[in-house]
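Single-letter residue listing:
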Amino acid sequence: MLRLNYQHLYFSAYPEIDAVNAAKRLWLESVASFSANTVRKATHELIKHSDYLPTISRVIKKCTELNGDSHLPDAHSAYTEACNAPSPKSNYSWSHPAIYYAGKESDWYFLANNTEQKAFPIFRAHYEKICERIRNGEELLPVQQLALPETTETSLSKEENIQRMNALRQQLEI
């Protein structure tokens, strides 16, 4: 299909039979998790809307869209949700657990204290790895919410607080 639609570009990219065979192996390995029908539909969609030979990543992205992974938000929407979620993060009602786990792997502190230009690529890499695992059939564990402690401690009286403060001062020699 690509050879028929992009003849000049195709033969420029793959001038020799060895290059064609190597490219076919690479494409086969890259899209192996999708059905042949999905790859064909994705390629056809990309051909209709592009003047250039599509890359493997564009075909994979289109296959993912066609495969019905719409329950997974795009990387930027997931990043925005992760950055805007209040603490404690585990108690937030996530649109998908993949966002929580990508944020956790990216480090919540890092996401909160760096610009989008610096933090988003890190988050996106983690998120895309997790999404790939989901597409390969892995099920993520639900996010464990923090529970309140079973017992609560009572506050110290004013006198007890003063005694503890004096003991701490003596210990630190202040």
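Let me begin by describing the structure that accompanies this report. (Residues numbered from 1 in each chain as written. Predicted model: local features only at pLDDT ≥ 70, side-chain atom pairs only at ≥ 80, totals over all residues. Heavy atoms only, no water.)

### A word on the side chain of His96
- Along the polypeptide, His96 turns up in the loop between helix 6 (75-84) and helix 7 (97-106).
- Its relative accessible area of 12% is what places His96 among the buried residues.
- In this structure the side chain of His96 is engaged in a polar contact, spanning 3.0 Å, whose partner is the backbone nitrogen of Ala98.
- Excluding residues within four positions of it along the chain, His96 makes contact with His71, Leu72, Pro73, Ile134 and Leu140. (Helix = DSSP H or I, 4+ residues; strand = E, 2+ residues; numbered from the N terminus. Buried < 20%, exposed > 50% of the residue type's maximum accessible area, 1.4 Å probe, protein only. Polar contact = N/O pair within 3.5 Å; in protein donor to acceptor, adjacent residues only side chain to side chain. Contact = heavy atoms within 4.5 Å.)

### Some thoughts on a nonpolar patch on the surface
- A surface patch of nonpolar side chains, amounting to about 430 Å² of accessible area, comprises Met165, Leu168, Leu172 and Ile174.
- With respect to the helices, strands and loops of the structure, Leu172 is situated in helix 10 (residues 158-172). (Patch = residues over 30% accessible without salt bridge, like charges linked within 9 Å, V, L, I, M, F, W, Y side chains within 5 Å. Areas by Shrake-Rupley, 256 points an atom, 1.4 Å probe, with all protein chains shown as cover. Salt bridge = Lys/Arg side-chain N within 4 Å of Asp/Glu carboxyl O.)

### Points about the nonpolar core
- Residues Trp94, Ala98, Ile99, Leu111, Phe123, Tyr127 and Ile130 are the most contacted members of the largest nonpolar core, which totals 24 residues.
- Elements represented by at least two residues in this core include exactly helix 6, helix 7, helix 8 (108-113) and helix 9 (116-135).
- The dominant element in this core, judged by the number of residues it contributes, is helix 9, at seven residues.
- Beyond its immediate chain neighbours, meaning those up to four positions away, Trp94 contacts Glu81, Ala82, Ala85, Lys89, Ile99, Tyr100, Trp108 and Val143.
- Judged by nonpolar contacts, the second largest core, of 16 residues, contains Leu2, Ala42, Leu46 and Ile56. (Core = buried A, V, L, I, M, F, W, Y, C linked by side-chain atoms within 4.5 Å.)

### Here's the deal with the packing of aromatic side chains
- Applying the stated criterion across every chain, the model contains eight aromatic pairs.
- Each ring, one from Tyr100 and one from Tyr101, has its centre 5.2 Å from the other, and the planes form 75°; the classification is edge-to-face. Of the two residues examined, Tyr100 and Tyr101, each falls in the buried class.
- One aromatic cluster is present, formed by Tyr92, Trp94, Tyr100, Tyr101 and Trp108 through successive ring pairs. (Phe/Tyr/Trp six-rings, centres within 6.5 Å; stacked < 30°, edge-to-face > 60°.)

### Some points on helix 4 (residues 36-49)
- Along its 14 residues, helix 4 runs 20 Å from first to last C-alpha, staying within 8% of the 20 Å computed at 1.5 Å per residue.
- All buried positions along helix 4 are accounted for by Thr38, Val39, Ala42, Thr43, Leu46 and Ile47. Down the axis of helix 4, the buried set is contained in an arc of 165°. They therefore lie on one face. (Expected span 1.5 Å × (residues − 1). Arc of directions from axis to C-beta.)

### Some thoughts on the pattern of salt bridges
- According to the stated counting rule, one finds one salt bridge in the structure shown.
- Glu45 is paired through a salt bridge with Lys48; the nearest N and O atoms lie 3.6 Å apart. Taken together, the positions of Glu45 and Lys48, both in helix 4 and three residues apart, correspond to about one turn of that helix.

### A short note on the packing of helix 4 against helix 5 (residues 56-66)
- In contact at an axis separation of 9 Å, helix 4 and helix 5 are set at 115° when each is read in the N-to-C sense. By the angle class used here, helix 4 and helix 5 are roughly perpendicular. Here the hand of the crossing between helix 4 and helix 5 comes out right-handed. Counting all contacts with helix 4, which are made through Thr38, Val39, Lys41, Ala42, Thr43, Glu45 and Leu46, the residues of helix 5 involved are Arg58, Val59, Lys62, Cys63 and Leu66.
- Looking at the contact of helix 4 with helix 5, its residues break down into six nonpolar, two polar and four charged. (Axes fitted to C-alpha atoms, helices over the stretch in contact; angles between N-to-C directions. Parallel < 35°, antiparallel > 145°, perpendicular 65-115°, else oblique. Left-handed = near helix turned anticlockwise from the far one by under 90°. Nonpolar A, V, L, I, M, F, W, Y, C, P; charged D, E, K, R; others polar.)

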